[in-house]
Amino acid sequence: MPLHRLRRDRGRHRGGAAVSVLLPGSRREALELLARSNGAAMPIAGGTDLLVHWPQRQEEHDRAYLDLSGIAELRPVEWTPDALVLGGLTTYWDVIRDARVGRELPLLAVAARQVGSIQIQTRGTWAGNIVNGSPAADGVPVLMAYDAVVVLESVAGREEVPLERFYEGYKQMRRRPDQLVVAIRIPRRPYTFQRFVKIGSRRAQAIAKVGLAVTHSAAGGGGWRVVAASVAPTIRRCPSIERLLEEQAAVHSPEELLPAIARDVTPIDDIRSTAEYRKLAMARVLFYDVFRGREQGAGSTDHGRRMTDNG
Ligand SMILES: Cc1cc2nc3c(=O)[nH]c(=O)nc-3n(C[C@H](O)[C@H](O)[C@H](O)COP(=O)(O)OP(=O)(O)OC[C@H]3O[C@@H](n4cnc5c(N)ncnc54)[C@H](O)[C@@H]3O)c2cc1C
């Protein structure tokens, strides 16, 4: 349902419950409205996650929404000397259109292009992808592989949480209901290796069976980052695989990676795939794209792949 239809529902009552939409014009006003609702108002940005279940489970949606879409100050992408700062409303399309992203932090653009369709890319936001908390999200893995920091704000002040420590369990995260994601800060570093691979059942409009974002930077605070999606209750880094890469361990086949994969992730059988397939797919991508691919080093401009089950 488009947002303008939702707005028309403002204040409509159904058996005592009501949908209401708060329309702040500034960040400050949004934080005050959120505080006044005791965190009960639900922020809505692009609505591409939130409204998906709207027609089926309408009673769960009878509540107050805080529509962030009119807050212009949350939209721009900002480059500082040492970071790229995405706003709390920055969309995938904003990032795709920024040529500098493609040059400096290309995995952001590669992942953004793999989200849904162009319509979803122009509405969906990076902050919405983070707070939705799906273990199969495409934006979160690349942000985590770039050491992104989530900037949260409430009327009480600001708090910064590294994305790799943001999730506490399935859809559980270190965000209080009175806090908004107002920015996502990504450190600027030179990278020697960057790769994002999404395996799905189709080349487009697919939810990942396995997603992998891998980076290496020799700069201070850098090193290898291996981030996996759809193989655990939350998107997460893989410390055992990272250690093998740091130690430049000799790995001769995908199967040799399986013990480290078993330590790092806990995939399940579900409607999209099986735990077994996910582990094997992860091992093959890591072996062929990362352990072998690292020899291509900084010269490679091929940063991403979307794969179907048939390769
Ligand atoms: C057809 C379709 C295809 C899709 N394909 C993909 C895909 O390929 N890959 C993928 O990863 N996702 C996909 N999605 C999911 C969705 O588009 C993304 O997760 C998107 O990033 C969500 O952003 P949004 O702004 O629309 O979030 P919303 O739906 O507005 O909100 C999502 C959650 O985030 C919260 N929220 C939003 N902004 C803030 C903020 N600033 N501060 C605090 N909380 C906030 C909301 O309260 C809600 O809990 C798809 C969705 C659809 C409908």
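### Brief notes about the site of the ligand
- Around the ligand, the structure places 32 residues, and the nearest of them are Pro43, Thr48, Asp49, Tyr92 and Thr125.
- A distance of 2.9 Å separates an oxygen atom of the ligand from a polar atom in the backbone of Gly116.
- In the model, a nitrogen atom of the ligand is placed 2.9 Å from a nitrogen or oxygen of the Val181 main chain.
- Taken together, the elements giving at least two residues each to the shell around the ligand come down to β3 (42-44), α7 (126-132) and β11 (180-187).
- For the shell around the ligand, the element with the most residues is α7, which contributes five residues.
- For the shell around the ligand, the residue count by class is 16 nonpolar, twelve polar and four charged.

### As for the pairing of strand β7 (residues 149-154)
- The buried fraction of β7 is high, at six of six residues.
- The side-chain alternation of β7 yields two buried faces, one formed by Val149, Val151 and Glu153 and the other by Val150, Leu152 and Ser154.
- Examined bridge by bridge, β7 and strand β8 (residues 157-162) share six bridges and lie antiparallel to one another. Counted as the bridge partner of Glu153 is Arg158 from β8.
- Connecting the antiparallel pair β7 and β8 is a turn made up of two residues.
- Pairing of β7 with β11 involves five bridges; the strand directions are antiparallel. Counterpart to Val150 in the pairing with β11 is Ile184.

### A word on the sheet that holds β7
- Ordered in space as β5-β6-β11-β7-β8, the five strands form an open sheet in which the pairing is antiparallel. Since the sheet does not close on itself, it has two edges, and those belong to β5 (78-79) and β8, each with one partner.

### Regarding the sheet that holds strand β14 (residues 223-229)
- In space, the five strands of this open sheet follow the order β15-β14-β13-β12-β16, with mixed pairing throughout. At either margin of the open sheet sits one strand with a lone partner, and together these are β15 (236-237) and β16 (304-307).
- As paired elements, strand β13 (residues 210-217) and β14 share seven bridges and run antiparallel to each other. Residue pairing across strands places Gly211 opposite Ala229, the latter belonging to β14.
- In the packing of helix α9 (residues 239-246) onto the sheet, the strands contacted are β14 and β15, and the crossing angle to β14 comes to about 150°.
- Here helix α11 (residues 275-291) sits on the sheet and contacts β12 (193-199), β13, β14 and β16; the angle it forms with β12, its principal contact strand, is near 150°.

### Let's talk about the environment of Ile184
- For Ile184, the position within the fold is in strand β11.
- With a relative accessible area of 0%, Ile184 lands in the buried category.
- Each C-alpha atom of the pair Ile184 and Val150 lies 4.8 Å from the other, and the pair is 34 residues apart in sequence.
- Leave out the neighbours within four places in its chain, and Ile184 touches Leu84, Val85, Leu86, Trp126, Ala127, Ile130, Leu143, Ala148 and Val149.

### Considering the confidence of the model for the protein
- With 90% of its residues at a pLDDT of at least 70, the protein reaches an overall mean of 90.
- Considering only residues more than four positions removed or in separate chains, one finds that residues 1-14, a stretch of pLDDT under 50, has 33 contacts.

### Re the packing of α9 against α11
- Where α9 meets α11, the closest approach of the two axes is 13 Å, and the angle between their N-to-C directions is 30°. As summarised for this structure, α9 and α11 are arranged roughly parallel, according to the angle between their axes. Once α9 is placed against α11, the crossing between them reads as right-handed. Of the residues in α11, those in contact with Ile241, Leu244 and Leu245 of α9 are Leu286, Val290 and Phe291.
- Of the residues assigned to the contact of α9 with α11, the class counts are six nonpolar, no polar and no charged.

Here is what the cut-offs are and how they apply
Residues numbered from 1 in each chain as written. Predicted model: local features only at pLDDT ≥ 70, side-chain atom pairs only at ≥ 80, totals over all residues. Heavy atoms only, no water. Near = heavy atom within 4 Å. Polar contact = N/O pair within 3.5 Å; in protein donor to acceptor, adjacent residues only side chain to side chain. Helix = DSSP H or I, 4+ residues; strand = E, 2+ residues; numbered from the N terminus. Nonpolar A, V, L, I, M, F, W, Y, C, P; charged D, E, K, R; others polar. Buried < 20%, exposed > 50% of the residue type's maximum accessible area, 1.4 Å probe, protein only. Pairing = 2+ DSSP bridges. Contact = heavy atoms within 4.5 Å. Axes fitted to C-alpha atoms, helices over the stretch in contact; angles between N-to-C directions. pLDDT = per-residue confidence, 0-100. Parallel < 35°, antiparallel > 145°, perpendicular 65-115°, else oblique. Left-handed = near helix turned anticlockwise from the far one by under 90°.

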